[in-house]
2 protein chains.
Amino acid sequence: MRISLEQFDKAFENRVRLQIMSVLAVNSAYDFNALKDLLQLTDGNLASHLKALEKEQYISITKSFIGRKPNTQYAITQKGKDAFKKHLQALENLIKQQK
Amino acid sequence: MRISLEQFDKAFENRVRLQIMSVLAVNSAYDFNALKDLLQLTDGNLASHLKALEKEQYISITKSFIGRKPNTQYAITQKGKDAFKKHLQALENLIKQQK
DNA sequence: GAAAGTACTTTGTAATTCAAAGTTGAAAAA
DNA sequence: TTTTTCAACTTTGAATTACAAAGTACTTTC
């Protein structure tokens, strides 16, 4: 017997990125500072994880101003949704085997 | 709101170790070559992942001979069971939020 | 004009991952 | 009895990843 490790998405192996995707999957958009607060990360670290997800085209970035303050919103893309769903399915299968 | 990233176990972040734990959770024991075959890894790579899990005391190692050949068996410990269960619970919660 | 806030980027260091090569000890083959 | 083989590692080295901290650019508020 063999197990394919490729059912799991490398981009979601890190728990910060897993959580970011989880948040963006259930919220139509989320901004930088709210994510930073939610996940308790330094801004540099958060920015680099977001960049990694953007590089995979799993999230999109929209910059604007709210009042006079700059605001960056992150949203999941269709590609991101598909990939995340597939990853969760793989995790679910693994969990199911345990029961 | 805040999310604790610590609900996820660092030792299980890597998908090789996640799969090893999954196999050992449902099999009372598994040997080196069977794991190697199952996961399609080089022996060095597998040995290092097993060592990482042993270091956490999540698995135990039993060396013996089968016929005249050396055989190393790996088994999950109680500590490993508890940690793995907790990790799966965290994953399950994350999945549940998506539905 | 100084300080503060947003959202980065850069820098530097430490940790992680992996393949490949080397090692050990016992057994089988020559 | 020397050699080869096999199991199960350990070591090495290189690439990648993760993270904090510091630096940057632009703007606004004091």
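Here is a short report on the structure shown in this document. (Residues numbered from 1 in each chain as written. Chains lettered and ligands numbered in written order. Predicted model: local features only at pLDDT ≥ 70, side-chain atom pairs only at ≥ 80, totals over all residues. Heavy atoms only, no water.)

Below, the discussion takes up helix H4 (residues 78–97) of chain B. Taking 1.5 Å of rise per residue, 20 residues should cover 28 Å, and H4 of chain B covers 29 Å from first to last C-alpha, within 8% of that figure. Of all the positions in H4 of chain B, only Gly-80, Ala-83, Phe-84, His-87, Leu-88, Ala-90, Leu-91, Leu-94 and Ile-95 of chain B are classed as buried. All buried residues of H4 of chain B fall inside an arc of 150° around its axis, so they share one side. Across H4 of chain B from its buried face, at more than 90 degrees, point the exposed residues Gln-78, Lys-85, Lys-86, Lys-96 and Gln-97 of chain B. For H4 of chain B, the secondary structure elements touched by its buried residues are helix H1 (15–26) and helix H4 (78–97) of chain A together with helix H1 (15–26) and strand E3 (69–76) of chain B. (Helix = DSSP H or I, 4+ residues; strand = E, 2+ residues; numbered from the N terminus. Expected span 1.5 Å × (residues − 1). Buried < 20%, exposed > 50% of the residue type's maximum accessible area, 1.4 Å probe, protein only. Arc of directions from axis to C-beta. Contact = heavy atoms within 4.5 Å.)

Turning next to the protein's contact with DNA strand D. Near DNA strand D, the surroundings consist of 17 residues, among which His-49 of chain A together with Asn-33, Lys-63, Thr-72 and Tyr-74 of chain B are the closest. Sugar plus phosphate, as a fraction of atoms of DNA strand D within 4 Å of the protein: 84%. One of the side-chain nitrogen or oxygen atoms of Asn-33 of chain B is found 2.9 Å away from a phosphate oxygen of DNA strand D. A distance of 2.7 Å separates a phosphate oxygen of DNA strand D from a polar atom in the backbone of Thr-72 of chain B. (Near = heavy atom within 4 Å. Polar contact = N/O pair within 3.5 Å; in protein donor to acceptor, adjacent residues only side chain to side chain.)

Next up on the list: the interface of chain A and chain B. Interfaces are often described in size by the accessible area the parts lose on coming together. Tallying the contact residues gives 32 residues for chain A and 33 residues for chain B. Counting each side, the surface lost to burial between chain A and chain B is near 3200 Å², with a carbon and sulfur contribution of 59%. Three residues stand out in chain A for area buried against chain B, namely Leu-5, Glu-13 and Arg-15 of chain A, and they jointly supply 22% of the buried area on that side. The interface formed by chain A and chain B holds four salt bridges in total. As a salt-bridge pair, Lys-99 of chain B and Glu-92 of chain A come within 2.6 Å of each other at their nearest N and O atoms. Linking chain A with chain B are twelve residue pairs in polar contact (both at pLDDT 80 or more). (Buried area = accessible area lost by both parts, 1.4 Å probe. Salt bridge = Lys/Arg side-chain N within 4 Å of Asp/Glu carboxyl O.)

Residue and element names in this part refer to chain B. Pairing in this open sheet of three strands is antiparallel, and the strands run E1-E3-E2 from one edge to the other. Sheet topology places strand E1 (30–31) and strand E2 (59–66) at the edges, where each strand pairs with a single neighbour. As paired strands, E2 and E3 are joined by eight bridges and run antiparallel to one another. Looking across to E3, one finds that Ile-61 is bridged to Tyr-74. Those strands touched by H1 are E1, E2 and E3, and its axis lies near 90° from that of E3. (Pairing = 2+ DSSP bridges. Axes fitted to C-alpha atoms, helices over the stretch in contact; angles between N-to-C directions.)

It is worth spelling out the packing of H4 of chain A against H1 of chain B at this point. Two numbers describe how H4 of chain A lies on H1 of chain B: the axes approach to 9 Å, and their chain directions differ by 25°. One element, H4 of chain A, and the other, H1 of chain B, form an angle in the roughly parallel class. Between H4 of chain A and H1 of chain B lies a crossing of left-handed hand. Packed against H4 of chain A, whose contacting residues are Leu-91, Leu-94 and Gln-97 of chain A, the element H1 of chain B presents Leu-18, Gln-19, Ser-22 and Val-26 of chain B at the interface. (Parallel < 35°, antiparallel > 145°, perpendicular 65-115°, else oblique. Left-handed = near helix turned anticlockwise from the far one by under 90°.)

Superposing chain A onto chain B requires a rotation of 179° together with a translation of 0.0 Å along the rotation axis, leaving an RMSD of 0.1 Å. Expressed as a symmetry operation, the mapping of one chain copy onto the other fits a two-fold axis. Among all residues of chain A, the minimum C-alpha distance to the rotation axis is found for Glu-13 of chain A, at 3.1 Å. By residue overlap, the copies meet face to face through one surface: 100% of the interface positions of chain A are interface positions in chain B. (Least-squares fit on C-alpha atoms with pLDDT ≥ 70 in both.)

This part takes up the packing of aromatic side chains. Residue and element names in this part refer to chain B. Evaluated as defined, the whole model comprises six aromatic pairs over all chains. Aromatic pair Phe-12 and Tyr-58: ring centres 5.2 Å apart, planes at 35°, arrangement tilted. In this pair, Phe-12 is assigned in the segment before H1 and Tyr-58 in the loop between helix H3 (43–55) and E2, connecting sequence segments 46 residues apart. Neither Phe-12 nor Tyr-58 differs from the other in exposure class; each is buried. (Phe/Tyr/Trp six-rings, centres within 6.5 Å; stacked < 30°, edge-to-face > 60°.)

Right, let's get into the sheet that holds strand E3 (residues 69–76) of chain A. Residues and elements named next belong to chain A. Spatial strand order, E1-E3-E2: three strands in an open sheet with antiparallel pairing. The outermost strands of the open sheet, each flanked by one partner alone, are strand E1 (30–31) and strand E2 (59–66). Across two bridges, E1 lies against E3 in antiparallel orientation. Opposite Asp-31, over in E3, you have Gln-73 as the bridge partner.

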